[in-house]
Amino acid sequence: MNRHDLVGAPTGEPLPERVARARALLEEAVPPQWRREPLIYVRPQHMEAVCAVSRCRREAIDNGMCNGHALRWHRLGRPQLDGFVTTTESALRDHHILPNCLVPACRRGRAQDDLCPVHSRQWKAAKRPPISTWVTTVVVTDGPQSTCRLPNCELAAEGGSLYCRVHHRRWRARGEPTHEEFEAEVMNYGDPCWDFRRLPGQLKLELQYALKRNHELGFPPSSHSCSQTVRMLLRRGATTLLEQDRASWTAIFRSYLNDPNQFKNAAAFLSFAVEQLTDLIEGSGWEREYPRDVWQLRRLGYIPAAASRQLNFTDIQQRWLVDCAKRWLHWRLTVEEKSINTVSADLLALRRLSAFLTATGQARYSIRQLTRPVLEQHIAWLHQQPQLGSSATIRDSISALAVFLRALQDHEDWAPELPRNAVIYASDYPRTIPLRARGLNAQVMAQVRAHLPRWPQPDGRFMTELMLATGLRVGDACALGYDPIVRDRDDNPYVRYWNHKMRREAYVPISAATLDKIREQQARVREQYPAETAAYLSQPAPRSLPVDGLRLVPANHLNPHGFLPFKRSTYNLQLQAWVAQCGITDEVGRPVHITAHQWRHTFASALVNGGVRLEVVKQLLDHASLEMASHYARLLDTTIRAEWDAARDNDDDLRHLLPADVEWANRSRTALPNGHCGLPRQQTCDHSNKCLSCPVFITTSEDLPAHEAHRHRTLTLIAKLEARGQTKLADQNRLVLEQLDTRIVQIKQAIASGEAHRDAS
């Protein structure tokens, strides 16, 4: 029987037949190097923590030490821990160099009385004289002797063996294994390992396969986690993981613990082993997963978050809706390349539609019954569900349903019986409530900048500085490659990144200070991953994004080559711990809750309040529309207050409502940066952005400082444009400069003649 015939999920298959099928697949899937017994050793970068004893590279299990050093510490009466880890020897049993006989030039190992067996017998025959004197009189007559085969042993091999007497005895005690296995076991004694020798054959093979898959995915588990899993399985008397499903095994594991929070990594490894074994037996890929009513996303090549591991269609009661939902979501994932979160939200909207149809008994058997009146009732039903909460949730559900119906209409073969009036109109959506501004105010930001040097982890601190300087999303910042810097033709630096939300490359300009911080982070990565950095720099810059490889901010754990990006969850944990440690508060002294995305809002709000046009903010944030950029770029209270103060008299809250004449009433209402508009309020202006040349533009001596500041900025801009070779723009700004000079001369003449408030138009 070939492998294709062994893979599948037959309904009602007896457990013995399922186990036999699994055995055949495992025999093919697990190569010999993963079946090596008795041990498979763990590399240091795959450990949960390394022993605190100097030069010991074993896994920390007890009080920050490996099992061997922890036992030694307990035998010594638990001395002061800091002193013990700095003074004790790193070598454990079988790692010490065995001492030789006290007789000079004798290379045999010691036995009784610190002598080898031969010299011990001679010493006893000489009536046991003082050993220190006797050993100087002994003449060694042994011929040339070979050395023990073990690398750490300098004793002579004895009795025709490849080993010294001590190691030969240990080799015999271990059942005379092959020399390679024995030497590996001796040299790695006490090192962390995965040891499945006590498990039944089927269960042993299943866990070996799980280790192999974990290694292929880049996340090998620790030996400590595996040992806890092995103990639980032995205590349970299990013979195969197929006895229970994943949820049942997790419950069984926790039932053996005093604290459910213990050994979380071991429980996770057990769950992973069950999942991988099930995937091996039932198969993966769209061909096998599509017909099922629960899509396991890992079988489709996705590595989603724990909250979205699967797409479950079992709650949809209408079979026609299940079929249409599968076709649509398959299209969304494969062709439109939508994210897992988006597709999960789409499925949730269809499950709500199914719940409504089931509750009302409508469209039970055919999509022909899904008419416009039914959709209107469904929309009304959504508004009546208290668990949906805000109108934004209802809007998202209606939006997903509209996209679903539009896809069915575009692909006529999906649902040819769909009624033509089954559509969602713009008026069906609930009223949009503007999002509140989420940028941090000046008081909070002052505390952030003051406490930022206290961020204990350099990677999290760098991420914060980068997001504040560029406005990147935290996910985009985590995924940056080792060298994201590009330059324009004027040698200005930019960060090149992959906008995962828009699925396109994007660029954001950076300052020299931010560039220096990026270079410092690169130096830290180069120190940690020298070989990978050299390999990265030896290759040309990637022509397109996204790409795999060395990261600018690599993940802290289980990342031997630096290819895994820094995790958003890790950053969020560091952020919350730092905010709590620094005690950042708002204006009234309440603790502030800060999220990573608020750095992006703060970046955009600062740009708008600094006078940057919304179109530029949209480009810097790489948004699809000005509407989205406007959600981020909210004016701060200080900007609104300044405009409000300019339109009123601070001494009288009513005076600005009672103007003295029509002209000054218009001037107070339509103030411009360099003067005031003289048109009545009802008229429109044909001189947009050309006030300096407008015949009704009124300016007085009060506006002279603004004109002079404008002139200085224009001169600076002309110089920069000429240096860049942009002569056309420079000529346009020279016209502005001439108009400014004319205005300034007119105002100064009016001041000299004593007519300070006469307009200079």
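Residues numbered from 1 in each chain as written. Predicted model: local features only at pLDDT ≥ 70, side-chain atom pairs only at ≥ 80, totals over all residues. Heavy atoms only, no water.

Visitor: Can you help me understand the sheet that holds strand β6 (residues 493-499) in this one?
Guide: Strand pairing in a sheet is mediated by backbone hydrogen bonds. Such pairs are either parallel or antiparallel. In space, the 3 strands of this open sheet follow the order β5-β6-β7, with antiparallel pairing throughout. Across the chains shown, the open sheet's two edge strands, defined by having one partner strand only, are β5 (485-487) and β7 (504-509). For this sheet, the mean angle separating the axes of adjacent strands, direction not counted, is 45°. Note: β6 against β7, 6 bridges, orientation antiparallel. When the sheet's bridge partners are listed, asparagine 499 is paired in β7 with arginine 504. Helix α21 (residues 512-528) contacts β5 and β6 of the sheet and is inclined by roughly 140° relative to β5. (Pairing = 2+ DSSP bridges. Helix = DSSP H or I, 4+ residues; strand = E, 2+ residues; numbered from the N terminus. Axes fitted to C-alpha atoms, helices over the stretch in contact; angles between N-to-C directions. Contact = heavy atoms within 4.5 Å.)

Visitor: Can you walk me through the confidence of the model for the chain in this structure?
Guide: Detailed reading of the predicted coordinates is not advisable wherever pLDDT is low. Summarising the model, the chain shows a mean pLDDT of 83, and 84% of its residues fall at 70 or more. The secondary structure element of the chain with the lowest average pLDDT is helix α28 (residues 662-669), at 37, and the one with the highest is helix α14 (residues 319-334), at 96. For the stretch residues 649-672, pLDDT sits under 50, and the model shows 22 contacts to residues farther than four places along the chain or on other chains. Predicted confidence for residues 675-689 stays below pLDDT 50, and this span has 24 contacts to residues more than four positions away or in other chains. (pLDDT = per-residue confidence, 0-100.)

Visitor: Would you take a moment to explain helix α3 (residues 67-75) for this structure?
Guide: Along an α-helix, residues three or four apart share an orientation, since each turn contains 3.6 residues. All of the buried residues in α3 are His69, Ala70, Arg72 and Trp73. The buried residues of α3 occupy an angular sector of 160° when projected down its axis, which confines them to one face. Summarising the contacts, the buried residues of α3 are in contact with α4 (81-87). The positive-phi residue at the C-terminal boundary of α3 is glycine 77, with phi of around 85°. (Buried < 20%, exposed > 50% of the residue type's maximum accessible area, 1.4 Å probe, protein only. Arc of directions from axis to C-beta.)

Visitor: Mind showing me how you'd approach the pattern of salt bridges here?
Guide: Think of it this way: side chains of opposite charge can pair up when their charged atoms draw near. Throughout the structure, instances matching the rule amount to 38 salt bridges. Residues glutamate 275 and arginine 309 are paired through a salt bridge, measuring 1.8 Å at the closest nitrogen-oxygen approach. Of this pair, glutamate 275 sits in helix α12 (residues 264-282) while arginine 309 sits in the loop between β3 (294-296) and β4 (310-312), and the two are 34 residues apart along the sequence. Taking the relative accessible area as the measure of exposure, glutamate 275 reaches 8% and is therefore buried. A relative accessible area of 30% means that arginine 309 is categorised as partly exposed. (Salt bridge = Lys/Arg side-chain N within 4 Å of Asp/Glu carboxyl O.)

Visitor: Is there a simple way to think about the packing of α14 against helix α17 (residues 391-410) in this case?
Guide: Between two packed helices, what matters for the description is the angle formed by their axes and the separation of those axes. Here α14 crosses α17 at 95°, and the two axes come no closer than 11 Å. The angle between α14 and α17 places the two elements in the roughly perpendicular class. Of the residues in α17, those in contact with Leu321, Cys324, Ala325, Trp328 and Arg332 of α14 are Ala400, Val403, Phe404, Ala407 and Leu408. Split by residue class, the contact of α14 with α17 holds 9 nonpolar, no polar and 1 charged. (Parallel < 35°, antiparallel > 145°, perpendicular 65-115°, else oblique. Nonpolar A, V, L, I, M, F, W, Y, C, P; charged D, E, K, R; others polar.)

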